[in-house]
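The chain contents come next:
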Amino acid sequence: SQQGEEDPQALSIQEGENATMNCSYKTSINNLQWYRQNSGRGLVHLILIRSNEREKHSGRLRVTLDTSKKSSSLLITASRAADTASYFCATDGLDQGAQKLVFGQGTRLTINP
Amino acid sequence: KAGVTQTPRYLIKTRGQQVTLSCSPISGHRSVSWYQQTPGQGLQFLFEYFSETQRNKGNFPGRFSGRQFSNSRSEMNVSTLELGDSALYLCASSLMAGLNGYTFGSGTRLTVV
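If you're wondering where the values come from, they're calculated on a predicted model, not measured in any experiment.

Engineer: Mind showing me how you'd approach the overall build of chain A here?
Structural biologist: Of the regular secondary structure elements, chain A holds zero helices and eleven strands. Listing the helices and strands of chain A from first to last along the sequence gives β-β-β-β-β-β-β-β-β-β-β. Here the C-alpha radius of gyration of chain A, 13 Å, is about what a compact globule of 113 residues would show, namely 13 Å. Taken over 113 residues, chain A has a buried fraction of 47%.

In structure tokens, the structure reads:
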């Protein structure tokens, strides 16, 4: 079963705009990770934020984490057509067993040229 | 360096048959995890191996099994295939049990007819 809920399920924006995706989870976590998936292929690791961090940046990506609300957001700035993909958050939890990721349902992002 | 290699990429099997999928992790990575992805259930954890030992197992029936060899390569086996086993099976490897994220392979697309 999925732990996380992602919002929105689908997002369509114009190239150059910013895209924001949200993720909520249910249990305590060690860290939260974001992955990208293109057309049903493998997942690509984007960024990891630990439970004691509140914000993290990587290139055009910005991730925030609010452990009190059990939520995270992923912001992609200045979007490009190549950013079109599905984005998943995944939690590495304290009480879900070691070395196990629990994924959200994902957000399907479409960047229109 | 080479990424995570999964073979075969595509597989078609008949109900009742069994199947073995293979995963070669990144050189030096000793943790290998398996996930099943379906449109209905999303991404679900199957099991994780480290140094030939299964450390964690997801909520799947006993028909799903796996193993890891001394060179860290891993195989998963599904016996008595059912139509519902049709899915993308993803393998992920990590150096430090996912503390810095996981590297996923491109997956094996299994279709059961």
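Engineer: Help me out: how do you make sense of the packing of aromatic side chains in this one?
Structural biologist: Pairs of aromatic rings are described using the distance from one ring centre to the other and the angle between the two planes. Going through the model one piece at a time under the given rule, you end up with nine aromatic pairs over all chains. An angle of 55 degrees between the planes, with centres 5.9 Å apart, marks the rings of A:Tyr35 and A:Phe103 as tilted. Here A:Phe103 lies in strand β10 (residues 101-103) and A:Tyr35 lies in strand β4 (residues 29-37), a separation of 68 residues in the sequence. Neither A:Tyr35 nor A:Phe103 differs from the other in exposure class; each is buried. Taking the centre distance of 5.6 Å and the plane angle of 65 degrees together, the rings of B:Tyr35 and B:Phe45 count as edge-to-face. You can see B:Tyr35 sitting in strand β4 (residues 31-38) and its partner B:Phe45 sitting in strand β5 (residues 42-50), a full ten residues away along the chain.

Engineer: Could you clarify how one ought to interpret the interface of chain B and chain A in this entry?
Structural biologist: One frequent convention defines the size of an interface as the accessible area lost when the parts assemble. On the chain A side, the residues contacting the 24 residues of chain B number 23 residues. Buried surface at the junction of chain B and chain A, summed over both partners, amounts to about 1800 Å²; 46% is from carbon and sulfur atoms. Here chain B is connected to chain A by zero salt bridges. Put simply, chain B and chain A have three residue pairs in polar contact (both at pLDDT 80 or more) between them. In terms of residue count, β5(B) provides more of the side of chain B that touches chain A than any other element does, five residues in total. Looking at the side of chain B that touches chain A, its residues break down into nine nonpolar, eleven polar and four charged.

Engineer: It is not clear to me how the pairing of strand β3 (residues 19-24) of chain B should be interpreted in this structure. Could you clarify?
Structural biologist: On any regular strand, side chains alternate: one points to one face of the sheet, the next to the other face. All names here are of chain B. Two strands pair when backbone bridges link them, and strand β1 (residues 5-7) and β3 are joined in this way by three bridges, in the antiparallel orientation. Directly across from Thr-5, in β3, lies its bridge partner Ser-24. Bridge count between β3 and strand β8 (residues 74-78): five bridges; the pairing is antiparallel. For Thr-20, the partnering residue across the bridge sits in β8 and is Asn-77.

Engineer: How should I be thinking about the environment of B:Leu95 in this particular structure?
Structural biologist: Residue and element names in this part refer to chain B. Here Leu-95 shows up in the loop between β9 (87-94) and β10 (103-104). For the pair Leu-95 and Ile-26, spaced 69 residues apart in sequence, the C-alpha to C-alpha distance is 8.6 Å. Not counting chain neighbours up to four residues away, the residues in contact with Leu-95 comprise Gly-28 and His-29.

Engineer: Looking at this structure, I do not really get the environment of A:Asn112. What am I missing?
Structural biologist: Residues and elements named next belong to chain A. Along the chain, Asn-112 falls in strand β11 (residues 107-112). A sequence separation of 31 residues divides Asn-112 from Ala-81, and the C-alpha atoms of the two residues are 6.6 Å apart. Ignoring sequence-local partners within four residues, the contact set of Asn-112 consists of Ser-12, Ile-13, Gln-14 and Glu-15. One polar contact links Asn-112 to Ser-12, side chain to side chain, over a distance of 2.8 Å.

Conventions adopted
Residues numbered from 1 in each chain as written. Chains lettered and ligands numbered in written order. Predicted model: local features only at pLDDT ≥ 70, side-chain atom pairs only at ≥ 80, totals over all residues. Heavy atoms only, no water. Helix = DSSP H or I, 4+ residues; strand = E, 2+ residues; numbered from the N terminus. Rg over C-alpha atoms; globule rule 2.2 N^0.38 Å. Buried < 20%, exposed > 50% of the residue type's maximum accessible area, 1.4 Å probe, protein only. Phe/Tyr/Trp six-rings, centres within 6.5 Å; stacked < 30°, edge-to-face > 60°. Contact = heavy atoms within 4.5 Å. Buried area = accessible area lost by both parts, 1.4 Å probe. Salt bridge = Lys/Arg side-chain N within 4 Å of Asp/Glu carboxyl O. Polar contact = N/O pair within 3.5 Å; in protein donor to acceptor, adjacent residues only side chain to side chain. Nonpolar A, V, L, I, M, F, W, Y, C, P; charged D, E, K, R; others polar. Pairing = 2+ DSSP bridges.

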